[in-house]
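Understanding the architecture of this molecule
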Amino acid sequence: MTENNRYHFLDSSRGIAAFIVLMAHTIKTFSPTFFQSSFSFLWDSEAAVLYFFILSGYVLTESIRTERLTPSSYFNFSAKRICRIYPAFLIVLILSFLLYPLFNSPVNGWLQEYWQKLPTSFDVIKQSILIARFPNEPAGRILPHDWTLSIEILISLALPILAWISKRSSWLVVVLTYVLVKTLPIDSFIFDFAIGVFISTKKDYLISVWKKMNLLGHGFIILFAIILTQISKLLPDYLGQIETFMIHSKSWGLGILLISLISSIRVQKFLTNKFLMLQGKISYSFYLVHLIIIGILFKWQPELSVISAFILCFSASFLLSVLLYNSIEKPWIQVGKKCFSGTKGQ
């Protein structure tokens, strides 16, 4: 997807999801009681991460929907994904290793399960691989939240095949991934990517259906989607059965919300303001750095109020992310485009 025709409003939505993750982790760290309050649906980091995966499935499928699947196109697509994901990750991983004494060994709170063992240079090398995780558990990682990157890059490598299947039968890709998750020991998050692939393939039809509805119908659909994202809290006694059947119940609601987003011109216009678009562009670096910044602040100022902590964590994450985007992410995106021009995927 070229810079001229990329979906800025989708970037903004990704930025909002990254913002929600930071908000959740900040509140969980500095005010664990408030984190569990009745307002917790406002900082649902699980839903935000699932949205990352669904949106990746959608955007990446959009970027290759007119491409034929060939060995050359697959190589170019994969190379561009590596250029997109690895450089900023490696920089943040190395910086976190060098700054480790500033945030290691939290003495209380949920962060206490992380950063207890002093990493070595060899640990940095092992953890830089991502595709194979050594160690696998977040508790042993310098960047505990990098598990999402491993999923992102692994499933991205399978995405051209999912898109190829979806071109032949859009429903087949959803049914197939559902069956595979239920019958084989594969990562369940591939189903979330498949939802995004399906929405991309059926985009024109889904938008036409949305436009035929009136305002009341739109409201009902959005309400239904929100209920799906919170159904595990609304029916906690049936959580196991719900998740067993639906895989990720929140993803169904998030998929519907994505459909409403790509169909609503009004919402798209709201999301295409300069600040939200910038937050969207830097969202990857923002996600990478936010937990380390929270860890540093919590180690040195654990009694800070949650509002002050949030302002400081957001401001530091935002500024550092702008720097990382312009100095690392953006140049490597251009490298991917210039060197692997067989696909247009971002």
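Shown above is the structure to which this text applies.
Residues numbered from 1 in each chain as written. Predicted model: local features only at pLDDT ≥ 70, side-chain atom pairs only at ≥ 80, totals over all residues. Heavy atoms only, no water.

**With respect to the overall build of the protein**
Along the protein, the regular secondary structure elements total 17 helices and zero strands. The C-alpha atoms of the protein give a radius of gyration of 20 Å, which matches the 20 Å a tight globule of 346 residues would have. A separation threshold of at least 6 residues defines the contact pool for the protein, and within that pool the share at least 24 residues apart is 78%. Of the accessible surface of the protein, which amounts to about 16700 Å², a share of 70% is contributed by carbon and sulfur atoms. (Helix = DSSP H or I, 4+ residues; strand = E, 2+ residues; numbered from the N terminus. Rg over C-alpha atoms; globule rule 2.2 N^0.38 Å. Contact = heavy atoms within 4.5 Å. Areas by Shrake-Rupley, 256 points an atom, 1.4 Å probe, with all protein chains shown as cover.)

**Topic: the nonpolar core**
Grouped together as the largest cluster of nonpolar side chains are 86 residues, with contacts concentrated most on Leu10, Phe89, Ile199 and Leu258. Discounting residues that sit within four places of it in the chain, Ile199 has contacts with Tyr58, Leu206, Gly255, Leu258, Ile259 and Ile262. Counting five residues, the second-largest nonpolar core is a separate cluster that includes Met23, Ala24, Ile27 and Trp43. (Core = buried A, V, L, I, M, F, W, Y, C linked by side-chain atoms within 4.5 Å. Buried < 20%, exposed > 50% of the residue type's maximum accessible area, 1.4 Å probe, protein only.)

**Concerning the side chain of Ser321**
Assignment of secondary structure puts Ser321 in helix α17 (residues 306-339). The class of Ser321 is buried, set by a relative accessible area of 0%. A polar atom in the side chain of Ser321 sits 3.0 Å from the backbone nitrogen of Phe286. The residues touching Ser321, leaving out its near neighbours within four places in the chain, are Ile282, Ser285, Phe286 and Val289. (Polar contact = N/O pair within 3.5 Å; in protein donor to acceptor, adjacent residues only side chain to side chain.)

**As for unusual backbone geometry**
Of note, the bond from Phe134 into Pro135 is cis; its omega dihedral lies within 30 degrees of zero at -5 degrees. For Pro135, the position within the fold is in the loop between α5 (121-127) and α6 (147-168). The phi angle at Trp115 is positive, at roughly 60 degrees, despite the residue not being glycine. Residue Leu130 is not a glycine yet carries a positive backbone phi of 70 degrees. Relative to the helices and strands, Leu130 resides in the loop between α5 and α6. A relative accessible area of 0% places Leu130 in the buried class.

In short, shape yes, function no, at least from these values alone.
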